[in-house]
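Secondary and tertiary structure notes
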Protein chains: 2
Amino acid sequence: MVSEGEAFCPGHVTVFFEVHDDPDPRKKGSRGAGLCLDLGVHTVARVRDEARSSIDVIVNGRRQKAEVTQRVAQRVLGDRSCEVKILSETNLPVSQGFGVSAAAALSTALALDDALGSQVPRDELVAIAHETEVECGTGLGDVVPASLGGMDLRLKPGAPAHAEVRTFPVEADLLLAVIGPEMPTKTVLRDPKKVAAINRIGGALVDEFSRDPTMERLFELGARFAEGTGLADRRVLEVIRASRMFGRATMAMLGNSVVATGNREQLATLYLKFGTLQRCGVDNEGARVL
Amino acid sequence: MVSEGEAFCPGHVTVFFEVHDDPDPRKKGSRGAGLCLDLGVHTVARVRDEARSSIDVIVNGRRQKAEVTQRVAQRVLGDRSCEVKILSETNLPVSQGFGVSAAAALSTALALDDALGSQVPRDELVAIAHETEVECGTGLGDVVPASLGGMDLRLKPGAPAHAEVRTFPVEADLLLAVIGPEMPTKTVLRDPKKVAAINRIGGALVDEFSRDPTMERLFELGARFAEGTGLADRRVLEVIRASRMFGRATMAMLGNSVVATGNREQLATLYLKFGTLQRCGVDNEGARVL
């Protein structure tokens, strides 16, 4: 028997954050704030009963190792014996702070559960995606807000049972600009100096944002975080500063890229000097089975 | 001993073409016309003498199968026994008609030859990259023009000893817009109906372009090719038509994307409705060791 499930998970930009370590990957994660994008990962899971299990992950038509997605599929599959094909499509770039690995993981969990008809509770699927991201070192805090949609303020880290997240529906016309090479999350989170800088600044910003959780404030605190932590290089800082003439921009964590809102034509003209440009809106629904 | 070589190969947009089949991959290829981009693939080859040969290909920091690059490296390496690392970086998207596989192949051939100090004649390195592309089915005509730079008119197909190519240095501020999913070259070239449509139209356009090889004509004939062959879908055609208000655009073969020139601000505003946007110029130098 062949069955199919389909899901979408929005991309998610973390704007500032603080790392919370914990031996339990469901408790480990980040506090922070960000935005869900209406661009994301669309996944179809195709399942066939077979004597031996196999999981193939195909992203944008190409077979990929995709460790996070593989492991998530393995966990959702459990001890069933099936041939699984995970077909994911996205037009967001990877390792640029748009939460693609989180969106791939969560859309895979939702689509595969749907295909199997196993009806694992949604919170458990979100927890599986979160803990796998954390274990693989590809992200700390994108899965849970991507499951919810909107603008988020993450007050406590971890998977659903542990996290405390406030979300705010917002409307915005956004520009995403990729202005430098990929920035693998793993590399940054392994550097104790960078993590120290992140935590020195990130925690205070979470508290500050919780007193006035508006889009304007999100961008303002984000720009402060990007500069204060040293995560933004010269070009990213230049772009953030120059954007103030036409709107506001902040760095997408962790990527050499920015998210911006304001006068789109003028911002676009500015960003084209630096790199690749994409337009999107905010997703206020969160990850969903289709 | 560790040695290193470094090379850049421009991306290349084929604007229209005609397929020429031949059992000899050095004679097989396409006639056509296109443009070299000043975005491309930058490759570092690192070589160490070892008892057993190995070739690792890392693209944008990620280990990849990259069949074309693997095979090119194998051929350039020959029967030497070395540990080879091919480190390629690009900010062009793959399978969108920007000649990334050709640029990866040729920059690898040049960089690895440089690292080995083997001084294979340049034409032979270009031929190796061309024949490997052809054998893998990932392209037919990007390697040779990418080796030369500028705007090209390819009058005879194949590798350097067989090809006849005229190139024209041009200056242009270009916009690249990706407006649909990846279009693997292999899939299109395996479809006899599509190849028949390409050849019915492509050959005549090559002849027409050879009488008036200007940028303006290139874009005009390209738009005709995209529409006449049915390679452009509804959205690509809509973008090409709408671009006429602010400049001109044509489809990048083979990709769901366009290359455009004209009033950049207005074109950018238009394209942002459709997809991802990047700015570049023309590369008039061609592939080179750095």
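My aim in this report is to walk through the structure given alongside it, one point at a time. (Residues numbered from 1 in each chain as written. Chains lettered and ligands numbered in written order. Predicted model: local features only at pLDDT ≥ 70, side-chain atom pairs only at ≥ 80, totals over all residues. Heavy atoms only, no water.)

A word on the overall build of chain A
When you go through chain A residue by residue, the secondary structure sums to 9 helices and 12 strands. Scaling as 2.2 N^0.38, a compact globule of 290 residues should have a C-alpha radius of gyration of about 19 Å, and chain A matches this with 18 Å. Taking the principal axes of its C-alpha atoms as reference, chain A extends roughly 60 × 40 × 35 Å. For chain A, the residues scored as buried account for 58% of the 290 residues in total. Sequence-distant contacts in chain A: of pairs separated by 6 or more residues, those separated by 24 or more amount to 76%. Within the structure as shown, chain A displays about 11,600 Å² of accessible surface, and the carbon and sulfur contribution to it stands at 48%. Where the 35 positive side-chain charges of chain A centre and where its 39 negative ones centre are 5 Å apart. (Helix = DSSP H or I, 4+ residues; strand = E, 2+ residues; numbered from the N terminus. Rg over C-alpha atoms; globule rule 2.2 N^0.38 Å. Buried < 20%, exposed > 50% of the residue type's maximum accessible area, 1.4 Å probe, protein only. Contact = heavy atoms within 4.5 Å. Areas by Shrake-Rupley, 256 points an atom, 1.4 Å probe, with all protein chains shown as cover. Lys, Arg positive; Asp, Glu negative; His and termini not counted. Charge placed at Lys NZ, Arg CZ, Asp CG, Glu CD.)

Some words on helix H7 (residues 215-228) of chain A
All names here are of chain A. Spanning 14 residues, H7 covers 20 Å between terminal C-alpha atoms, matching the ideal 20 Å at 1.5 Å per step. Turning to H7, its buried residues are Met 215, Arg 217, Leu 218, Phe 219, Leu 221, Gly 222, Ala 223, Phe 225 and Ala 226. Gly 230 occupies a position one or two residues after H7 and carries a positive phi of about 75°. (Expected span 1.5 Å × (residues − 1).)

Digging into the interface of chain B and chain A
Across the boundary between the two partners, chain B contributes 17 residues, which contact 18 residues of chain A. At the boundary of chain B with chain A, total buried surface from both sides reaches about 1,500 Å², with 50% on carbon and sulfur atoms. At the junction of chain B with chain A, the criterion picks out 2 salt bridges. The partner of Glu 182 of chain B in a salt bridge is Arg 62 of chain A, and the shortest N-O contact between them spans 2.5 Å. Where chain B touches chain A, the interface holds 7 residue pairs in polar contact (both at pLDDT 80 or more). Of all the elements in the fold, those that place two or more residues in the side of chain B that touches chain A are helix H9 (264-272) and strand E11 (276-281) of chain B. With 5 residues, H9 of chain B is the single largest residue contributor to the side of chain B that touches chain A. For the side of chain B that touches chain A, the class distribution of residues is 5 nonpolar, 6 polar and 6 charged. (Buried area = accessible area lost by both parts, 1.4 Å probe. Salt bridge = Lys/Arg side-chain N within 4 Å of Asp/Glu carboxyl O. Polar contact = N/O pair within 3.5 Å; in protein donor to acceptor, adjacent residues only side chain to side chain. Nonpolar A, V, L, I, M, F, W, Y, C, P; charged D, E, K, R; others polar.)

Some words on the packing of aromatic side chains
Residue and element names in this part refer to chain A. Scanning all chains against the criterion turns up 4 aromatic pairs over all chains. Ring plane angle 85° and centroid distance 5.8 Å describe the contact between Phe 16 and Phe 209, whose orientation is recorded as edge-to-face. With a gap of 193 residues between them, Phe 16 in strand E1 (residues 2-20) and Phe 209 in helix H6 (residues 192-211) connect regions that are remote in the sequence. By the burial criterion, Phe 16 is buried, and Phe 209 matches it. (Phe/Tyr/Trp six-rings, centres within 6.5 Å; stacked < 30°, edge-to-face > 60°.)

Here's the deal with the relation of the copies chain B and chain A
Of the transformation superimposing chain B on chain A, the axial component is 0.0 Å and the angular component is 180°, with the fit at an RMSD of 0.0 Å. These values place the two chain copies in the arrangement generated by a two-fold rotation axis. Closest approach to the rotation axis among the C-alpha atoms of chain B is made by Leu 277 of chain B, whose C-alpha sits 2.4 Å away. The overlap is high: 100% of the interface residues of chain B also sit at the interface in chain A, so the same surface is used on both sides. (Least-squares fit on C-alpha atoms with pLDDT ≥ 70 in both.)

Digging into the packing of helix H6 (residues 192-211) of chain B against helix H7 (residues 215-228) of chain B
Residue and element names in this part refer to chain B. One can describe the packing of H6 onto H7 by two numbers: an axis separation of 10 Å at closest approach and a directional angle of 170°. Accordingly, the angle class assigned to the pair H6 and H7 is roughly antiparallel. Each of Ile 198, Ile 201, Gly 202, Leu 205, Glu 208 and Phe 209 in H6 lies in contact with H7, whose residues at this interface are Arg 217, Leu 218, Leu 221, Arg 224, Phe 225 and Gly 228. In the contact of H6 with H7, the residues fall into 7 nonpolar, 2 polar and 3 charged. (Axes fitted to C-alpha atoms, helices over the stretch in contact; angles between N-to-C directions. Parallel < 35°, antiparallel > 145°, perpendicular 65-115°, else oblique.)

Section: unusual backbone geometry
Note that the residue after Met 253 of chain A, namely Leu 254 of chain A, is joined by a cis bond; omega there is 0°. In this structure, Leu 254 of chain A sits in the loop between strand E9 (247-251) and strand E10 (257-262).

Overview of the side chain of Thr 69 of chain A
Residues and elements named next belong to chain A. By the element assignment, Thr 69 lies in helix H1 (residues 67-77). With relative accessibility at 6%, the residue Thr 69 sits in the buried group. Other than its neighbours up to four places away in sequence, Thr 69 contacts Val 57, Ile 86, Ala 104, Ala 105 and Thr 108.

Remarks on the nonpolar core
Core analysis: the biggest nonpolar cluster contains 196 residues, and Phe 16 and Tyr 271 of chain A together with Phe 16 and Tyr 271 of chain B have the highest contact counts within it. Tyr 271 of chain A has contacts with Leu 175, Ala 177, Val 239, Ser 243, Ala 249, Val 258, Ala 260 and Leu 277 of chain A, leaving out every residue within four places of it along the chain. (Core = buried A, V, L, I, M, F, W, Y, C linked by side-chain atoms within 4.5 Å.)

Thoughts on the environment of Pro 121 of chain B
All names here are of chain B. Structurally, Pro 121 is set in the loop between helix H2 (100-116) and helix H3 (122-136). Residue classification places Pro 121 among the exposed residues on the basis of a relative accessible area of 54%. Measuring from C-alpha to C-alpha, the distance between Pro 121 and Val 258 comes to 35 Å, with 137 residues separating the pair along the chain.

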